[in-house]
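Here are the chains, one letter per residue:
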Amino acid sequence: MQLSDLNPHIRYARIHQNALGIKGKTSICYDCRLFFFQNISGKIVINDQSYEITNNTAVFLPPESHYQFHITFPKNASTIILDFDMTNENAHLVASLGTATEETFDSSLVLPYSLPAELANPIILVLPQLSRMLSQCTDHFLYRNPFYRESSSAVLKLCLLELIHQNAALGRAQICDDVLSYIHDHFSETTLTNKSIATHFNYHPDHLSNLIRQETGRSLHQYLMFYRIQVAKNYLLTTQYDISEIAWRSGFCTPAYFIKIFRRSTGMTPRAYRVHRIHTEI
């Protein structure tokens, strides 16, 4: 299923003000689930991995997810719960397919359709902007106005797209953090290149470079050179290493290449930079 085919069919939509008997109980869902927690804290364990729940946390679960809540419900707490399919191919099934325990789960009851790749795994995000939309979606579904299924489906689709968008942005930020940390740890290796970094993270070099540019304003190669120059500057001002030694320690393959990149970055040679900065500070 492609994301363009997304057309949610909602079977259940409610706003709950209590614990619903779900605390500490492991459940397996037959259809898709979306929870939105307000003024609630705790955690959810999904497929043996634990996630924190705070105010305005949205939790999307694909079918067959194993989950268990460990949360507290103060007096002002509320939880929006939606059960749905990604398409209306099974619109004749109007009631929620419900949940099962690990002992009673029957995989044959799971509807046979594929999920968009972007929604094939659980998503847990703090998204205050979903509060109004999910409340609106639930109202459409409950009040049964004309076209209530179509209108509630349309609003839910917007919510799912926002989840996907924010989850992708979070994923990009995380991979960029990992790449930058990798550069900081391996900059001195003269064999470190766009290709070797991309291979390490299982990305195409051009794609990874574009991600880094979005986060830092520099391409992958530009950031690597930038960081090496910062390291070289520190060596120039805090050590007596000669230019060849600094070039090697900073990850440049030759002193000539180091001088070329340093001049391009600072407008002066490494030796001139050292003299200028030392005299300036004195």
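One can find the structure itself at the top, above this paragraph.
Attention here is on the structure that accompanies the text. Everything numeric in this text was worked out from a predicted model, so none of it was measured.

**As for the sheet that holds strand β3 (residues 32–38)**
Reading across from one edge, β1-β8-β3-β6-β10 is the order of the five strands in this open sheet, with antiparallel pairing throughout. Edge positions in the open sheet fall to β1 (9–16) and β10 (123–126), since each of these has one partner strand only. When strand polarity is set aside, the average angle formed by the axes of neighbouring strands in this sheet is 10°. Where β3 meets strand β6 (residues 57–61), five bridges bridge the pair, whose relative direction is antiparallel. Paired with F35 across the two strands is V59, which belongs to β6.

**A few points about the layout of surface pockets**
Roughly 190 Å³ of internal volume is contained in the second largest pocket. The wall of the second largest pocket is formed by R218, H221, Q222, M225, F226, I229, Y257, I261, R264 and S265. Mapped onto the lining of the second largest pocket, the elements with two or more residues apiece are α5 (220–238) and α7 (255–266). Tallying contributions element by element places α5 first for the lining of the second largest pocket, with five residues. Tallied by class, residues from the lining of the second largest pocket come to five nonpolar, three polar and two charged.

**Here we look at the pattern of salt bridges**
It is possible for side chains bearing opposite charge to pair when their charged atoms get close. Applying the stated criterion across every chain, the model contains five salt bridges. Measuring nitrogen to oxygen at the nearest pair gives 2.5 Å for the salt bridge that ties D85 to R11. Taken together, the positions of D85 in strand β8 (residues 78–85) and R11 in strand β1 put the pair 74 residues apart, joining distant regions of the chain. On the basis of relative accessibility, which here comes to 1%, the residue D85 falls in the buried class. In this structure R11 comes out as buried when scored by relative accessible area, which is 4%. D31 serves as the salt-bridge partner of R33, at 3.2 Å between the closest nitrogen and oxygen. As far as the burial class goes, R33 and D31 line up, both buried. Within this structure, R11, D31, R33, D83 and D85 form a network of salt bridges that share partners.

What counts and what doesn't
- Residues numbered from 1 in each chain as written.
- Predicted model: local features only at pLDDT ≥ 70, side-chain atom pairs only at ≥ 80, totals over all residues.
- Heavy atoms only, no water.
- Pairing = 2+ DSSP bridges.
- Helix = DSSP H or I, 4+ residues; strand = E, 2+ residues; numbered from the N terminus.
- Axes fitted to C-alpha atoms, helices over the stretch in contact; angles between N-to-C directions.
- 1 Å grid on protein atoms, 1.4 Å probe; cavity = no way out; pocket = protein on both sides within 12 Å on 5 of 7 lines; lining within 4 Å.
- Points joined across faces, edges and corners; volume = space filled by probe spheres on them.
- Nonpolar A, V, L, I, M, F, W, Y, C, P; charged D, E, K, R; others polar.
- Salt bridge = Lys/Arg side-chain N within 4 Å of Asp/Glu carboxyl O.
- Buried < 20%, exposed > 50% of the residue type's maximum accessible area, 1.4 Å probe, protein only.

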